[in-house]
Amino acid sequence: MQKKITSASDPSAATPSSKEKDKAPAQPRGIINCISGGYAGGGNTSSARKRAYRAMLAVTDAPKAPQPIQDVPEVTFRSTDFNRTDANYDDPVVISVQLGDLIVRKVLLDPGSSADVLFFTTFEKMKLSSNILQPYHGNLVGFSGERVPVLGSVWLQTTLGEQPLFKTQDIQYLVVDCFSPYNLILGRPFLNRFAAIMSTVHLCVKFPVQGNTVATIYGDLHEARQCYNISLKPIKKSHMAQVNSIQPDQPRLTEIDPRADFEDRPMPNEDLMKVPLTEDPMKFTFVVTTINTEEKDSLIRFLRENADLFAWTPADMPGIDPSVIMHKLAINPEAWPISQKKRNLGAEKRLASLAEVKKLITANFIRKIRFTTWLANVVMVKNSNGKWRMCVDFTDLNKARPKDAYPLPCIDTLVDNSCGYGSLSFMDAYSGYNQILMHPSDQEKTAFITEYGNYCYNVMPFGLKNACATYQRLMNKIFENQIGRNIEVYVDDMVAKTMVGSSHINDLAEIFGQIRRYNMRLNPEKCAFGVRGGKFLGFILTS
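Report follows, based on the coordinates.

Reading the values: the criteria
- Residues numbered from 1 in each chain as written.
- Predicted model: local features only at pLDDT ≥ 70, side-chain atom pairs only at ≥ 80, totals over all residues.
- Heavy atoms only, no water.
- Helix = DSSP H or I, 4+ residues; strand = E, 2+ residues; numbered from the N terminus.
- Buried < 20%, exposed > 50% of the residue type's maximum accessible area, 1.4 Å probe, protein only.
- Contact = heavy atoms within 4.5 Å.
- Polar contact = N/O pair within 3.5 Å; in protein donor to acceptor, adjacent residues only side chain to side chain.
- Pairing = 2+ DSSP bridges.
- Axes fitted to C-alpha atoms, helices over the stretch in contact; angles between N-to-C directions.
- Phe/Tyr/Trp six-rings, centres within 6.5 Å; stacked < 30°, edge-to-face > 60°.
- Lys NZ or Arg CZ within 6 Å of the ring centre and 35° of its normal.
- Expected span 1.5 Å × (residues − 1).
- Core = buried A, V, L, I, M, F, W, Y, C linked by side-chain atoms within 4.5 Å.

**A word on the overall build of the chain**
Move 1: The secondary structure content of the chain amounts to 11 helices and 25 strands.
Move 2: The buried share of the chain, reckoned over its 543 residues, is 43%.
Move 3: Contacts in the chain between residues far apart in sequence, at least 24 positions, make up 72% of those at least 6 positions apart.

Next up, the structure:
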């Protein structure tokens, strides 16, 4: 709608013309909210959001007069409510509230937001545990259409006002990990819960408390302008919070191997020789060449006597007995199963995934499944050797699971405890994670989709949250009496150690006895026996 622009001295500006009086304003085409989504939009499921959308469309042009809320006094704003002399009335209403036993400042009241938002930086400052986060599957949508993933929801006791005029309610916040000059954004759900009325002209908010009393909270003008100025500054990428999201073209795996910081696996710094362990020359492992002939012959003879503890194919792995350990998902009962839409792979990736699926079926690591609840896509990652590795995008499944806080060993302690020994042997488990079975009730939840059908894991796969903790718990149980004395273990990397003057074969015999007892298998191509030093967890070990 065009308006005539006039100056203050123009007499026509004093009173509008009769044509302007009679002209009705144009009908709005819609409403643009600052933040959309959340539970006010119908919930976190597509069916709930559709029901809410149909209810909005069902609103008639002439709705019935709303019934007044019982026991809520009238709220009015008067000239006496002005609490400032500044002539600029366009500042946002920024207040302070109490969350639990903490005062949180820089809280924006935003009636245009359909969700109450708690930023993850504030969540961390409050020293809250991530275990209290309840799963929420959905995004918040900004006014320009950008989508911000929600990490989860949390109920917090929120107090508005101060003694004696205050009110406390339990508010459900959506936790997001993105930049904001504010600590909280309180939207329509919060305002409605407190029956609060906000006036940006008076820069205050009023809400009823006990009886017919109305409390008034004034905004902090200094903090409001400070936050506003910060929001106008350009954001440097290095300071931006990383949002845990999945893009269709490049999925991000949420469970990262803790050894990813180390470019190389355990690697001896001496010359090695291939030693066949069976009559098949392709079944070999590595032994150091610098030890004397007698020690070398004894070591080779010992390894050949225990050749059954090495695996060259997945079929050679009997698996850890379920009575010893199994991987349990422990999914939050309130979590809603998510079935990801199928992502198309290129021709090369599709052939590589087919070959990998055939290997897993042959090894009985996976089985075909027809009816699924949880369903994830495969992600093909190219290794440094040029070969494709198939991973599964368990992002949604991992979000619905609590964190297993079982501690991993301190790397500095492992390295310090492995130095100064005369003989070392680097050992690696063969497909270590896959040697642990999935709990039968959770196998179907690991389902993934391929071009040729849907499958689920019978064994613990890579990429699952808490997989490292489960494997470390197993290793600590197997080598309970050896760790720190003749072996150090970090997940599936092991280094056997022997003091100068002692028999390394005796230590290996004790370690191999435990490996045999628990049906574990080693990867012979990643083992090196009898060395004097080498790289372990990114550090060089020497005698």
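**Topic: the side chain of T395**
Move 1: Position of T395 relative to the elements: it lies in helix 8 (residues 395–399).
Move 2: Among the polar contacts made by the side chain of T395, one reaches the side chain of D393 at a distance of 2.4 Å.

**Some details on the environment of P402**
Move 1: For P402, the position within the fold is in the loop between helix 8 and helix 9 (411–418).
Move 2: Classification of P402 by relative accessible area gives partly exposed; the value is 41%.
Move 3: Along the sequence, P402 and N131 sit 271 residues apart, while their C-alpha atoms lie 5.8 Å from each other.
Move 4: Beyond its immediate sequence surroundings of up to four residues, P402 is in contact with A330, K465 and N466.

**A look at the sheet that holds strand 15 (residues 366–368)**
Move 1: If you walk across this open sheet you meet the five strands as 15-20-19-16-17, and the pairing is mixed. Since the sheet does not close on itself, it has two edges, and those belong to strand 15 and strand 17 (388–392), each with one partner. Pairwise comparison of adjacent strand axes, ignoring direction, gives a mean angle of 40° for this sheet.
Move 2: Bridge count between strand 15 and strand 20 (residues 453–457): three bridges; the pairing is antiparallel. Among the inter-strand pairings, K368 is bridged to a residue of strand 20, identified as Y455.
Move 3: Packed on one face of the sheet, helix 7 (residues 347–362) meets strand 15, strand 16 (376–382), strand 17, strand 19 (448–450) and strand 20 and runs near 75° to strand 17.

**Regarding the packing of aromatic side chains**
Note on aromatic pairs: each is described by the distance of the centres and the angle between the planes.
Move 1: With the rule as written, the count across this model stands at 12 aromatic pairs.
Move 2: Ring centres 4.6 Å apart and planes at 35° place the aromatic pair F190 and F194 in the tilted group.
Move 3: Classification of F190 by relative accessible area gives buried; the value is 1%.
Move 4: For F194, a relative accessible area of 0% corresponds to the buried category.
Move 5: Ring centres 6.3 Å apart and planes at 75° place the aromatic pair F512 and F529 in the edge-to-face group. Here F512, found in helix 11 (residues 504–517), pairs with F529, found in strand 23 (residues 528–531); they are 17 residues apart in sequence, far enough to count as distant. Accessibility classification places F512 together with F529 in one group, the buried group.
Move 6: Feature note: the residues F302, F310, W312, F512 and F529 constitute an aromatic cluster, connected by ring pairs.
Move 7: The aromatic ring of F77 is capped on one face by K206, whose charged end is 5.0 Å from the ring centroid.
Move 8: The ring of F462 has R389 sitting right over it, with the charged end atom 5.0 Å from the ring centre.

**Here's the deal with helix 7**
Move 1: Compared with the 22 Å implied by 1.5 Å per residue over 16 residues, the 23 Å span of helix 7 between its first and last C-alpha is a close match.
Move 2: Backbone geometry just downstream of helix 7 places N364 in the positive-phi region, at approximately 65°.

**A closer look at helix 10 (residues 467–478)**
Move 1: The terminal C-alpha atoms of helix 10 lie 17 Å apart, and with 12 residues this matches the ideal 16 Å at 1.5 Å per residue to within 8%.
Move 2: Counting buried positions along helix 10 yields nine of 12 residues, so the element is predominantly enclosed.
Move 3: Among all positions of helix 10, only A467, C468, A469, T470, Y471, Q472, L474, M475 and I478 are buried.
Move 4: On its buried face, helix 10 is in contact with strand 21 (487–490), strand 22 (493–498) and helix 11.

**Details of the nonpolar core**
Move 1: Residues M427 and F512 are the most contacted members of the largest nonpolar core, which totals 81 residues.
Move 2: Looking at which element gives the most residues to this core, the answer is helix 10, with six residues.
Move 3: Setting aside anything within four residues of it in sequence, one finds F512 in contact with F302, L303, N306, L309, F310, M427, L522 and F529.
Move 4: Counting residues in each nonpolar core, the second largest holds 29 residues, with F123, V154, A196 and A215 among its members.

**Regarding the environment of P111**
Move 1: By the secondary structure assignment, P111 is in the loop between strand 3 (102–109) and strand 4 (117–119).
Move 2: Residue classification places P111 among the partly exposed residues on the basis of a relative accessible area of 42%.
Move 3: Counting along the chain gives 77 residues from P111 to R188, while the straight-line C-alpha distance between them is 5.2 Å.
Move 4: Setting aside anything within four residues of it in sequence, one finds P111 in contact with R188, L191 and M198.

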